[in-house]
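# Chains, contacts and geometry: an overview
As a plain string of letters, each chain reads:
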Amino acid sequence: MRKPFLAGLCALAIAIIPAGAALAQSAGGLASLRGAGVEENVPVEQVFQQETRRFNRDYRQQPPLIPHSSDQYQIDLRANQCLGCHDWTNAGDRGAPTLSMTHYLDRDGREMDHVAGTRWFCTQCHVPQANAPALVQNTFESSASR
Ligand code: HEC
Ligand code: HEC
């Protein structure tokens, strides 16, 4: 009973050892994709700057693109810093466009004084704008050009 087991183990070892040696060899010349050590802080290059003019919408119902930077505004379960400027209670003071009525309708279409839960995570629909090439080749055209 022992013999076949040992023989099996030997065969396994013979198969594993060269593979292990090959791994160890390549680990010697390992380079990370960003070309820096893991603990090194590499600043990301801003390839596509955000454009601050307003872009036209590509179809009438499109959520307008965000014409200002947005990465510094926190949105989580409790806080929504976008509302600090865009909620109807603040927009006048901040000189920002007020959220349209659709942002204040509950799922049954009732009008509310606070933003709807379905509109809480603004960046689900609104994204910052940049003049960047399309990520995927496509034939999309604005419906205004038809
Ligand atoms: C400090 C105030 C402020 C904050 C905070 C702010 N915005 Fe704005 N936002 C503005 C102002 C002012 C404009 C108008 C800019 C213009 O007309 O060029 C604007 C414009 C927009 C527009 C374009 C509206 C249109 O009709 O074209 C969108 C969309 C928008 N903001 C979304 C957001 C989102 C999403 C957040 C949070 C991530 C946010 N904003 C946070 C002040 C703010
Ligand atoms: C489910 C998608 C969705 C979410 C979430 C959403 N929006 Fe919108 N938003 C839209 C659409 C669509 C429009 C354009 C049509 C309309 O006004 O309903 C719009 C319009 C706007 C406008 C322009 C209003 C106007 O009258 O010009 C602003 C500003 C805006 N949204 C900001 C925000 C902010 C800030 C949040 C987060 C509190 C947010 N939106 C969440 C879809 C969304």
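Here's what I pulled together on the structure shown here. This is a predicted model, so every value here is computed, not measured. (Residues numbered from 1 in each chain as written. Chains lettered and ligands numbered in written order. Predicted model: local features only at pLDDT ≥ 70, side-chain atom pairs only at ≥ 80, totals over all residues. Heavy atoms only, no water.)

With 8 residues, the main nonpolar core is built from Ile-75, Cys-82, Leu-83, Leu-99, Tyr-104, Val-115, Trp-120 and Cys-122. Ignoring any residue separated from it by four or fewer positions in sequence, one finds Cys-122 in contact with Ile-75, Asn-80 and Cys-82. (Core = buried A, V, L, I, M, F, W, Y, C linked by side-chain atoms within 4.5 Å. Buried < 20%, exposed > 50% of the residue type's maximum accessible area, 1.4 Å probe, protein only. Contact = heavy atoms within 4.5 Å.)

Glancing now at the coordination of the iron atom of ligand 1. His-68 (NE2) and His-86 (NE2) make up the full set of protein donors to the iron atom of ligand 1, lying at 2.0 Å. Note that the iron atom of ligand 1 binds 6 donor atoms; their angles at the metal cover 89 to 178°, and the shape is octahedral. Here the residue His-68 occupies a position in the loop between helix 1 (2–28) and helix 2 (83–86), and His-86 occupies one in helix 2, the gap between them amounting to 18 residues. For His-68, a relative accessible area of 33% corresponds to the partly exposed category. (Donors = N, O, S within 2.8 Å, 3.2 Å for Na, K, Ca; no water. Tetrahedral: all angles 85-135°; square planar, octahedral: opposite > 155°, others 65-115°. Helix = DSSP H or I, 4+ residues; strand = E, 2+ residues; numbered from the N terminus.)

Let us now look at the site of ligand 1. With respect to spatial proximity, 18 residues lie near ligand 1, and among them Arg-54, His-68, Cys-82, Cys-85 and His-86 are the closest. Here His-68 contributes a side-chain N or O atom positioned 2.8 Å from a nitrogen atom of ligand 1. Contacts to ligand 1 include His-86, whose side-chain N or O atom sits 2.8 Å from a nitrogen atom. Looking at the shell around ligand 1 residue by residue, the classes come out as 10 nonpolar, 6 polar and 2 charged. (Near = heavy atom within 4 Å. Polar contact = N/O pair within 3.5 Å; in protein donor to acceptor, adjacent residues only side chain to side chain. Nonpolar A, V, L, I, M, F, W, Y, C, P; charged D, E, K, R; others polar.)

So, on to the pattern of salt bridges. Pairing between side chains of opposite charge can happen when their charged atoms approach one another. Scanning the entire structure with this criterion turns up 3 salt bridges. Among the salt bridges present, the one from Arg-53 reaches Glu-51, with a minimum N-O distance of 3.2 Å. Residue Arg-53 is classed as exposed on the basis of its relative accessible area, which comes to 51%. Residue Glu-51 is classed as partly exposed on the basis of its relative accessible area, which comes to 23%. (Salt bridge = Lys/Arg side-chain N within 4 Å of Asp/Glu carboxyl O.)

Around ligand 2 sit 22 residues, and of these Ser-100, His-103, Cys-122, Cys-125 and His-126 come closest. Residue His-103 places a side-chain N or O atom 2.8 Å away from a nitrogen atom belonging to ligand 2. The contact in question runs from a nitrogen atom of ligand 2 to an N or O atom on the side chain of His-126, over 2.7 Å. When grouped by side-chain class, the residues that make up the shell around ligand 2 number 10 nonpolar, 10 polar and 2 charged.

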